[in-house]
Amino acid sequence: MAASTLVLIVALVSSAFFFETTSENMVDSGQPSQRSSEADPLLHKKASRNDYILPARNNKIFGFAPILRCFCKPSFSVAIILCVLYGAQLAAFDATVPLEARHLFSFGSFDSGLLFIPIAFARLVAGPLGGYLVDRFNPRYVAVSGYICLMPVYVSFRFIESEPRQLEIGLYSLLLALSGVGTALVATTGIVESSTLVGKYRSANPDLFGDQPPIGSLNGIYLAASGIGASLGAMAAGSLRKR
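Within any chain, residue numbers begin from 1 and follow the written order of that chain's sequence. This being a predicted model, a pLDDT of at least 70 is required before a residue's local features are given, and a value of 80 or more before pairs of side-chain atoms are given or counted; all residues contribute to the totals for chains, interfaces and linings. Working from all heavy atoms in the structure, the side-chain values ignore hydrogens and water.

### Considerations on the overall build of the protein chain
- What counts as a helix is a DSSP run of H or I of at least four residues, what counts as a strand is a run of E of at least two, and both are numbered from the N terminus. A tally of regular secondary structure across the protein chain gives 9 helices and 0 strands.
- Reading the helices (α) and strands (β) of the protein chain from amino to carboxyl end gives α-α-α-α-α-α-α-α-α.
- Three exposure classes are used, based on accessible area relative to the maximum for each residue type with a 1.4 Å probe and protein chains only: buried under 20%, partly exposed in between, and exposed over 50%. Evaluated residue by residue, the protein chain yields a buried proportion of 41% over its 243 residues.
- Contact between two residues is taken to exist if any of their heavy atoms lie within 4.5 Å; hydrogens are not considered. When contacts within the protein chain are restricted to residue pairs at least 6 apart in sequence, those whose partners lie at least 24 apart make up 78%.
- Of the accessible surface of the protein chain, which amounts to about 14,000 Å², a share of 62% is contributed by carbon and sulfur atoms. Areas reported here follow the Shrake-Rupley algorithm with a probe of radius 1.4 Å; residue values treat only the protein chains shown as occluding.

### Observations concerning the nonpolar core
- Among buried residues, those of type Ala, Val, Leu, Ile, Met, Phe, Trp, Tyr and Cys that are joined through side-chain atoms within 4.5 Å constitute a nonpolar core. Among the nonpolar cores identified, the biggest contains 22 residues, and F93, F105, L115, F157, Y172 and L176 are the most heavily contacted of them.
- When residues of this core are traced back to their parent elements, those giving at least two are α3 (74-105), α6 (139-156) and α7 (165-186).
- Ranked by size, the runner-up nonpolar core spans 20 residues in total, among them I67, V84, L208 and A225.

### What about the side chain of E168?
- You can see E168 is positioned in helix α7.
- Charge counting follows a simple rule: Lys and Arg are positive, Asp and Glu are negative, and His as well as the terminal groups are ignored. By convention in these notes, a salt bridge is any Lys or Arg side-chain nitrogen within 4 Å of a carboxyl oxygen on Asp or Glu. Look at E168: it is buried, it has no salt bridge, and the nearest opposite charge is R165 at 11 Å.
- Those residues within four positions of E168 in sequence are excluded, and the remaining contacts are F105, F159, I160, E161, S162 and E163.

### Examining the environment of Y222
- Turning to its location among the elements, Y222 is positioned in helix α9 (residues 215-242).
- Residues contacting Y222, with those up to four places away along its chain left out, are C83, A187 and I191.

### With respect to the confidence of the model for the protein chain
- For the protein chain, the mean per-residue pLDDT works out to 76, and 73% of the residues sit at or above 70.
- Note that pLDDT drops below 50 for residues 38-44; the model gives that stretch 2 contacts with residues more than four away or on any other chain. pLDDT expresses how confident the predictor is about each individual residue, on a scale running from 0 to 100.

This is the structure we're talking about:
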């Protein structure tokens, strides 16, 4: 589970960037905003419509896929990075759970497959709860809170031993279920946050996407990010497991 812990640390750091405002020092008009002074309030003002105006890019790639211009804003990039890290977490579990089960409990393929039932059931129960929390509160807060709650769960995997066998199997299954709850809570944060940002970019840049919202393009980016994360997570888990 060392790979999962490594991915968690990176995800926690990336989630912290969500708290940064999307305000830029330069707006589309090219006029710089005033610098901060001691008289300014510590809390930033609420982002305005001008903060979501994307810079002009005379590029064929941006003309063919205008949604790529959203990557000019760091908030959108971090949201997609969270999708990458979520895919990496899932792949890390898929790669390490069977190996750890064989090493600790001498499980075969069927017994190792049964260990994924607690994860699947936990996601089935906690998935709607995660969606509700994302709709009810800011997805940024849900992401950070979810990863903080996952930290002690991931760290506890290192204390699982082979004896006493029945007790350790129960604890291992419990930790897998808790990790399923945690991943279900943060599963939708990346895609919801990126969808929200794209909606704001579309409102501030009416000529960017045309009449139709780029739902298909955004889902394509999400799937590509999850696939990249799954590849990186599996390779990281395999290399760390060998050590």
